[in-house]
Amino acid sequence: MNSFLRNPYLKNGGNYLYLKRSHVEVEKKGGSYIPHETFTIVKLDWDGNVIGHYSFDEEIGFFCVNEKNSDLYIIVHTIEGMNEYYDLKKYKI
């Protein structure tokens, strides 16, 4: 594992790189603007070519990849009132 990849938005999976991106679309409802943010994990080869991507409507805090088992782990962060919650989720990639 390369120790120089310490960015929480870029992970070295060994065979591939994984990049976390977010995208905000703004919808106008009445006189208000409502943002909707989506999150994507982009899988890249070492030449920078996109191999695949995985999109989520949930806010991704951090993520990691287990390429051996083809698992993507994400930490979902939600706020309800004064409470914060963190949930670890696993997806096959």
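Everything numeric here is computed off the predicted structure, so don't read it as measured data.

Novice: Before we go on, may I ask you to explain the confidence of the model for the chain in this structure?
Specialist: For residues with low pLDDT, the predicted coordinates do not support detailed interpretation. Mean pLDDT over the chain stands at 83; residues scoring 70 or higher make up 89%. Per-residue pLDDT stays below 50 along residues 1-6; that stretch engages in seven contacts with residues further than four places along the chain or on separate chains.

Novice: Just checking my understanding: could you explain the sheet that holds strand β6 (residues 71-80) for this structure?
Specialist: The strand order across the open sheet built from three strands is β5-β6-β7, with neighbouring strands paired in antiparallel fashion. Here the strands that pair on one side only, and so sit at the sheet edges, are β5 (60-66) and β7 (83-92). Neighbouring strand axes in the sheet, compared pairwise and without regard to direction, differ in orientation by 15 degrees on average. In the sheet, β5 pairs with β6 via five bridges, with the strands oriented antiparallel. When the bridges of β6 are listed, Phe 63 appears paired with Ile 74.

Novice: Explain the nonpolar core here, please?
Specialist: Note on soluble globular proteins: their nonpolar side chains tend to be buried together. The biggest cluster of nonpolar side chains holds 10 residues, and these are Tyr 18, Phe 39, Ile 41, Phe 56, Ile 60, Phe 63, Val 65, Leu 72, Ile 74 and Val 76. Mapped by element, the contributors of at least two residues to this core are β3 (32-44), β5 and β6. Excluding its chain neighbours within four sequence positions, the residues that come into contact with Ile 74 are Phe 56, Ile 60, Phe 62, Phe 63, Asp 87, Leu 88, Lys 89 and Tyr 91.

Novice: Help me out: how do you make sense of the pattern of salt bridges in this one?
Specialist: Side-chain pairs of opposite charge can arise whenever the charged atoms involved come near each other. Across all of its chains, the model carries three salt bridges by this definition. Taking the shortest distance from any N to any O, the salt bridge between Glu 58 and Lys 89 comes out at 2.5 Å. Note that Glu 58 is positioned in the loop between β4 (50-56) and β5 and Lys 89 in strand β7, a separation of 31 residues in sequence. Residue Glu 58 is classed as partly exposed on the basis of its relative accessible area of 27%. Across the pair Asp 71 and Lys 92 runs a salt bridge, and its minimum N-O distance is 2.8 Å. A residue pair is termed long-range when its members are at least 10 positions apart, and Asp 71 in strand β6 and Lys 92 in strand β7 qualify at 21 residues.

Analysis parameters
Position labels on residues start from 1 in each chain and follow its written sequence. It should be noted that, the model being predicted, local features are given only for residues of pLDDT at least 70 and side-chain atom pairs only at 80 or more, the latter also being counted only at that level, while totals for whole chains, interfaces and linings use all residues. The side-chain values count all of the structure's non-hydrogen atoms but skip hydrogen atoms and water molecules. The pLDDT value expresses, per residue, how confident the predictor is, ranging between 0 and 100. Should any heavy atoms of two residues lie within 4.5 Å, those residues are considered in contact. For two strands to be treated as a pair, DSSP must find at least two bridges joining them. Helix and strand labels come from DSSP, where a helix needs a run of H or I of at least four residues and a strand needs a run of E of at least two; each type is numbered from the N terminus. The convention used is that axes are lines fitted to C-alpha atoms, helices contributing only their stretch in contact, and that angles between N-to-C directions extend from 0 to 180 degrees. To define a nonpolar core, start from buried Ala, Val, Leu, Ile, Met, Phe, Trp, Tyr and Cys residues and group those joined through side-chain atoms within 4.5 Å. Residue exposure (1.4 Å probe, protein chains only): buried if accessible area is under 20% of the type maximum, exposed if over 50%, otherwise partly exposed. One speaks of a salt bridge when a side-chain nitrogen belonging to Lys or Arg is within 4 Å of a carboxyl oxygen belonging to Asp or Glu.

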